[in-house]
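Remarks on the overall topology
Residue strings, one per chain:
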Amino acid sequence: MSLINAFTVDVEDYFQVSAFADRIPTSQWDQHESRVERNTLAMLDLLDEFHVRGTFFVLGWVADRCPDLVREIDRRGHEIGTHSYWHRLVYEQTPDEFRDDLRRSIAALRNVTDQEIVSYRAPSFSITQRSRWALDILAEEGIRYDSSIFPVVHDRYGIPDAEPFPHVLSVGETGRELHEFPPSVYRAWKFNLPVSGGGYFRLYPLRMTSHFLAKINGRHKQPFVFYIHPWEIDPEQPRLPGSLRSRFRHYQNLKSTAAKLRGLLSRFRFGTLTEAWNCSPTGGAAVPVA
């Protein structure tokens, strides 16, 4: 079976990202111009152009305010997962808060689509060593696929020694299975190079990204996960206050993202997260979560 790579979209607005959370509290979200609908529709059109179906991780807050957008994602044949309700970092919540947020996000999505919500991605990949308890809750609440554990060193996220390819985790006292499909990295120079999308995609030349993703497919015979946000194809979005680092991470190379996406979509075969999982060589016993 030829490999299918996972094309994933984290559906959130430009003012909801973690980089600006210290300046824009959730209580102010409704005060900002919403651009998530137009940007997500543009992303849907781009994927239609290349006949690609992917997985859209949608904020529950967005689903409540833009139900027709979620229905359109569904209508065009894409898989829908949850990206939480409030886009709060997991390790800044208590387990009870996390469970409540997860349930609210799933309910918001179920209100507007008949799809079963079984996939999750944490805001800013914030399942780390100090929040691995969240994996138990995901499994208990019916999530079967997670794409939150980034095997890199980063100031906001990452478990550097985590398994970099799709694998099955055994979580909780009952050993429930959770299918973990981590954002993709390439092992180089004794560390994991993040090559799976987002700001890294905007920073690297397309040739570099394509080279390392092709190595994952070719050398390792594994599918990769690519991720992107609708605001990343919107160079005209309002500029927000924030630290120099946050502004660099958010605004770098926005003008070139759409063109680079076309280049990537023309080079690789893409599908949903579950389609990519089903064609991966993953098998054998589940890995216990310490």
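Just above, that's the structure.
Residues numbered from 1 in each chain as written. Predicted model: local features only at pLDDT ≥ 70, side-chain atom pairs only at ≥ 80, totals over all residues. Heavy atoms only, no water.

Focus on the overall build of the protein
Test applied: A run of H or I in DSSP counts as a helix once it spans at least four residues, and a run of E counts as a strand once it spans at least two, with each numbered from the N terminus. Atoms considered for the radius of gyration are the C-alpha atoms alone. The globule rule reads 2.2 Å times the number of residues to the power 0.38. Partly exposed describes any residue whose relative accessible area lies between the buried limit of under 20% and the exposed limit of over 50%, with all areas from a 1.4 Å probe on protein chains only and scaled to the type maximum. His residues and chain termini do not enter the charge count, which takes Lys and Arg as positive and Asp and Glu as negative. Every charge is mapped onto a representative atom, which is NZ of Lys, CZ of Arg, CG of Asp or CD of Glu.
Within the protein one finds 10 helices and 12 strands. For the protein, whose C-alpha radius of gyration is 18 Å, the value lies close to the compact-globule estimate of 19 Å for 290 residues. Seen along its three principal axes, the alpha-carbon backbone of the protein occupies a region of about 50 × 45 × 40 Å. For the protein, with 290 residues in total, the buried portion stands at 60%. Separation between the mean location of the 35 positive side-chain charges and that of the 36 negative ones in the protein comes to 8 Å.

Description of the packing of aromatic side chains
Just so we agree on the cut-off: Here a Phe, Tyr or Trp ring, Trp counted by its six-membered ring, pairs with any other such ring whose centre lies within 6.5 Å, and the pair is stacked when the planes are under 30 degrees apart, edge-to-face when over 60, and tilted otherwise. By definition here, charges over rings are those cases where NZ of Lys or CZ of Arg is within 6 Å of the ring centre and within 35 degrees of the ring normal.
Tallied over the full model, the rule gives 26 aromatic pairs. Taken together, a centroid distance of 5.3 Å and an interplanar angle of 10° make the contact between F150 and Y157 stacked. Its relative accessible area of 0% is what places F150 among the buried residues. Summarising the aromatic geometry, the rings of Y200 and Y204 are spaced 6.3 Å apart at their centres and angled 40° between planes, so their arrangement reads as tilted. The burial state of Y200 is the same as that of Y204; both residues are buried. In this structure an aromatic cluster arises from ring pairing among F7, F201, F224, F226, F268 and F270. Over the ring of Y85 we find R104, and its NZ or CZ is 4.0 Å from the ring centre. Taking NZ or CZ as reference, K260 lies 5.2 Å from the ring centre of F201, over its face.

Some words on the packing of helix 4 (residues 95-110) against helix 5 (residues 133-140)
So the rule is basically this: Every axis in this analysis is a line fitted to C-alpha atoms, fitted for helices over the stretch in contact. Angles between the N-to-C directions lie between 0 and 180 degrees. Crossings are sorted by hand: turned counterclockwise from the far helix by less than a right angle, the near helix makes the crossing left-handed, and turned clockwise it makes it right-handed. Throughout, a contact is declared for two residues whenever any of their heavy atoms are within 4.5 Å. Gly counts as polar in this scheme, as do all residues outside two lists: the nonpolar Ala, Val, Leu, Ile, Met, Phe, Trp, Tyr, Cys and Pro, and the charged Asp, Glu, Lys and Arg.
At their nearest, the axes of helix 4 and helix 5 sit 10 Å apart, and the two run at 35° to each other. Handedness of the crossing formed by helix 4 with helix 5: right-handed. Residues P95, F98, R99 and L102 of helix 4 touch helix 5, and the partners they reach there are W133, A134, I137, L138 and E140. Of the residues contributing to the contact of helix 4 with helix 5, the split by class is 7 nonpolar, no polar and 2 charged.

Re the pairing of strand 3 (residues 79-82)
Inclusion rule: One requirement defines pairing of two strands: DSSP has to find at least two bridges between them.
Both faces of strand 3 are covered, namely the face carrying E79 and G81 and the face carrying I80 and T82. Pairing geometry for strand 2 (residues 55-58) and strand 3, over 4 bridges, is parallel. When the bridges of strand 3 are listed, V58 appears paired with T82.

Looking at the pairing of strand 7 (residues 176-180)
When strand 5 (residues 145-146) meets strand 7, the two strands line up parallel, connected through 2 bridges. Residue Y145 lies in a different strand from strand 7, and its bridge partner there is H179. The antiparallel pairing of strand 6 (residues 167-171) with strand 7 creates a hairpin that spans 4 residues between the two strands, and G172 there sits at a positive phi of about 75°.

Side note on the side chain of N217
Stated formally: Two N or O atoms form a polar contact when they lie within 3.5 Å of each other; inside protein one atom must be a possible hydrogen donor and the other a possible acceptor, and for residues adjacent in sequence the pair counts only when both atoms belong to side chains.
With respect to the element layout, N217 can be found in helix 7 (residues 206-218). Here the side chain of N217 touches N5 through a polar contact of 2.9 Å, side chain to side chain. If sequence neighbours within four positions are ignored, N217 has contacts with L3, N5, Q222, P223, F224 and F268.

A word on the pattern of salt bridges
Condition: Basic side-chain nitrogens of Lys or Arg form a salt bridge, by our definition, when they fall within 4 Å of a carboxyl oxygen of Asp or Glu.
Per the stated rule, a full pass over the model turns up 19 salt bridges. For R71, the salt bridge goes to D68, with nearest N and O atoms at 2.7 Å. Separated by 3 residues within a single helix, R71 and D68 lie in helix 3 (residues 67-75), roughly one turn from each other. Measuring nitrogen to oxygen at the nearest pair gives 2.8 Å for the salt bridge that ties R99 to E140. With a gap of 41 residues between them, R99 in helix 4 and E140 in helix 5 connect regions that are remote in the sequence. When salt bridges that share partners are traced, they join D45, D48, R53, E72, R75 and R76 into one network.

Comments concerning helix 4
The cut-off we apply is this: One less than the number of residues in a helix, times 1.5 Å, gives the span that helix is expected to have.
Given a rise of 1.5 Å per residue, 16 residues ought to cover 22 Å, and the 22 Å separating the end C-alpha atoms of helix 4 matches this to within 8%. Among the structural elements, strand 2, helix 2 (60-65), helix 3, strand 3, strand 4 (119-120) and helix 5 are those in contact with the buried residues of helix 4.

Points about the packing of helix 1 (residues 36-49) against helix 3
Worth spelling out the cut-off: When describing relative orientation, an angle under 35 degrees is termed roughly parallel and one over 145 degrees roughly antiparallel, while 65 to 115 degrees is termed roughly perpendicular and anything else oblique.
In the contact formed by helix 1 and helix 3, the axes pass within 10 Å of each other and the chain directions differ by 5°. Relative to helix 3, helix 1 is oriented roughly parallel. Taking contact as the criterion, the partners of V36, E37, T40, L41 and L44 in helix 1 are, on helix 3, L69, E72 and I73. Across the contact of helix 1 with helix 3, the residue classes break down as 5 nonpolar, 1 polar and 2 charged.

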